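# Close look at the chain arrangement
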Amino acid sequence: MKQLEIRRIYLDYTATTPVDRRVVDAMTPYFTGTFGNASSIHSFGRDAKAALEESRDKIAFLTGAKNSEIYFTSGGTESDNSALFGTASKHSGNGKKHLVISSIEHHAVLHAAEALKKNGSNITILPVDSNGFVSPEELRKAITKETFLVSIIHANNEIGTIQNLAELVRVAHENGVLFHTDAVQSFGKIKFDLKELDADLASFSAHKIYGPKGIGALYIKRGIDFEPTFHGGSQERNRRPGTESVPLTVGFAKAAELAVEEMESERARLSKLNSLMRTKILAEVPGAMFNSPEKNSLANILNVSIDSNEMEIDGEAMIVNMDLEGIAVTSGSACSSGSLQPSHVIKALGRDDKTTMATVRFSFGRFTTEDEVSTAADVFTKIVARIGKRKKVSSPVS
Ligand SMILES: Cc1ncc(COP(=O)(O)O)c(C=O)c1O
């Protein structure tokens, strides 16, 4: 008997995106034709080097950096780790051992900071308000004479909150402290100009913007003291050894160009889809609370929890049931040492553990349609009604 095919809907664009066909086409010649090692001095190497430098020029232009300030890495995680470790070791000699981060950093920053702590650094983790915003005043109070770096995520990957980065950078600089930002989710989705933001270091990743996995970049402002994490050849001006992957850099640059070119129209389209989902969930799902702020938030993320005071619901079952119905979304929990732990980001907003576990992140992208969003909202409503147990009847909270 023929099995019924379920319609699959991908609403997890924040986790990763499919590579855009135009990006694949741009990369293809660099796997077989122009395949040389960019460090070789013969013509094959020179051709590869030219493509590599063209990619660097493009990323620099699109981020507002100089090309000599862009270093290719294997992705966001490496860029974040290098930013923290690379500045920490340069400052350890002068007694500066204090790092400030926010409570809603990606694990690539959070866990790197914890590793630095084991090596003797002190860390301050700044709280956020119920919408995920860091207060510039709290930052000012946290900085000490020993602070060598402030690292604050630009747009959060779970809830979408966009920090007022320029203001936070200003506070760090007024106190003579370097500023790093994880711009993995913001670059290509909202305006990102290092000339305006004035950050000293910034991390990027290609696979969040329809580029290939395994490539990213770290911006290091000219004049910043930086210790490479790895040791080897003299690639990337001695700051990141290893043979550069020219096809991946070409793909990253093409993806970045397309994302920036299409940013405004895409943002408008995704905002409409976001509002549609928000409206439907608010009207139909009892106990729904939004963790994504309505303003200053990425248009492609809608994060929603079910209030544990209103409804008892198993968050994991919610995600599994969504998956069984063909809808791919992420939960408000992360697997840590084999057990599900509530997300540190949702907890930082002040949600209790049960509510945090009952969280779904919908994230939309270039190929998401209105029909998909509408279907996903309906399926979510149906699943919550089926597996949730109402505690009391009242209208939904926004
Ligand atoms: C905000 C943020 N930072 C860093 C990373 C890590 O990037 P990558 O997957 O390229 O290592 C991610 C990816 O999940 C992210 O969303």
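All values reported here derive from a predicted model rather than from experimental measurement.

### Examining the pattern of salt bridges
Within this structure, the stated rule accounts for 28 salt bridges. A salt bridge links K90 to E227, with the nearest nitrogen and oxygen atoms 3.7 Å apart. Of this pair, K90 sits in helix α4 (residues 76-92) while E227 sits in the loop between β8 (216-220) and α9 (235-238); the two residues are 137 residues apart in sequence, bridging distant segments of the chain. By relative accessible area, K90 is classed as partly exposed at 35%. With a closest N to O distance of 2.9 Å, K191 and E196 form a salt bridge. One exposure class covers both K191 and E196, and it is exposed. Connected through salt bridges with shared partners, the residues E137, R140, E167, R170 and E174 form a single ionic network.

### Description of the domain arrangement of the protein chain
Entries for the protein chain in the domain assignment read domain 1 (21-261) and domain 2 (263-390). One C-alpha centre belongs to domain 1, the other to domain 2; they are set 29 Å apart. With 30 residues of domain 1 at the contact, the number on the domain 2 side is 22 residues. Between domain 1 and domain 2, the buried area comes to about 2,200 Å², and carbon and sulfur atoms account for 57% of it. Sorting the residues of domain 1 by area buried against domain 2 places E158, I159 and Y210 first, and these three jointly supply 32% of that buried surface. At the boundary of domain 1 with domain 2, the tally comes to zero salt bridges. One can count 10 residue pairs in polar contact (both at pLDDT 80 or more) joining domain 1 with domain 2. Contributing elements (two or more residues each) for the side of domain 1 that touches domain 2: α5 (107-118) and α10 (246-261). A total of four residues in the side of domain 1 that touches domain 2 trace back to one element, the largest contributor, which is α10. By residue class, the composition of the side of domain 1 that touches domain 2 is 12 nonpolar, 11 polar and seven charged.

### Some words on helix α7 (residues 165-174)
Along α7, the positions that sit buried rather than exposed are L165, L168, V169, V171 and A172. Buried residues along α7 cover an arc of 160° about the axis, so they all sit on one side. Elements in contact with the buried residues of α7: α6 (136-142), β5 (147-151), β6 (178-182) and α8 (194-197). Phi turns positive one or two residues past the end of α7, at G176, with a value near 70°.

### Overview of the sheet that holds strand β9 (residues 288-290)
Taken together, the four strands give an open sheet; going across it, the order is β9-β10-β16-β13, and neighbouring strands pair in antiparallel fashion. Single-partner strands in this sheet number two, and they are β9 and β13 (330-331). As defined by bridge partners, β13 adjoins strand β16 (residues 359-363) across two bridges and the pair is classed as antiparallel. From the neighbouring strand, S331 faces β16, where its bridge partner is V360. Contacts from helix α11 (residues 263-284) reach β9, β10 (301-306) and β16, with the element oriented near 15° to β10.

### Side note on the sheet that holds strand β3 (residues 98-102)
Strand order in the open sheet formed by seven strands is β2-β8-β7-β6-β5-β3-β4, and the pairing between neighbours is mixed. Every other strand in the sheet has two partners, leaving β2 (70-73) and β4 (122-126) as the edge strands with one partner each. Neighbour-to-neighbour, the strand axes of the sheet open up by a mean angle of 20°, direction not taken into account. Pairing analysis gives three bridges linking β5 to β6, with the strands arranged parallel. Within β6, the position partnered with S151 by the bridge is H180. Against the sheet, α5 engages β3, β4, β5 and β6, with an angle of about 155° to β3.

Conventions we followed
Here, residues in each chain are numbered from 1, in the same order as that chain's written sequence. The model is predicted, so local features are restricted to residues of pLDDT at least 70 and side-chain atom pairs to those at 80 or more, both for listing and for counting; the totals for chains, interfaces and linings are taken over all residues. Hydrogens and water are ignored here; the side-chain numbers use all heavy atoms of the structure. For salt bridges, the criterion is a side-chain nitrogen of Lys or Arg within 4 Å of an Asp or Glu carboxyl oxygen. Secondary structure elements follow DSSP: runs of H or I no shorter than four residues count as helices, runs of E no shorter than two count as strands, and numbering proceeds from the N terminus. Partly exposed residues are those whose accessible area sits between 20% and 50% of the maximum for their type, while under 20% is buried and over 50% is exposed, using a 1.4 Å probe and protein chains only. Here the limits of each domain have been adopted from an automatic or database domain assignment. Contacts between residues were defined by any pair of non-hydrogen atoms, one from each residue, lying within 4.5 Å. Each of two parts loses accessible area, computed with a 1.4 Å probe, when they are put together; buried area is these two losses added. What qualifies as a polar contact is a pair of N or O atoms within 3.5 Å, subject to a donor-acceptor requirement within protein and to the restriction that residues adjacent in sequence count only when both atoms come from side chains. By the convention adopted, Pro, Cys, Tyr, Trp, Phe, Met, Ile, Leu, Val and Ala count as nonpolar, Lys, Arg, Asp and Glu as charged, and the other residues, Gly among them, as polar. Taking the helix axis as origin, the arc is that swept by the directions to the C-beta atoms. Each pair of strands is called paired provided DSSP finds at least two bridges between the two strands. Note on geometry: axes are C-alpha line fits, over the in-contact stretch for helices, and angles between N-to-C directions span 0 to 180 degrees.

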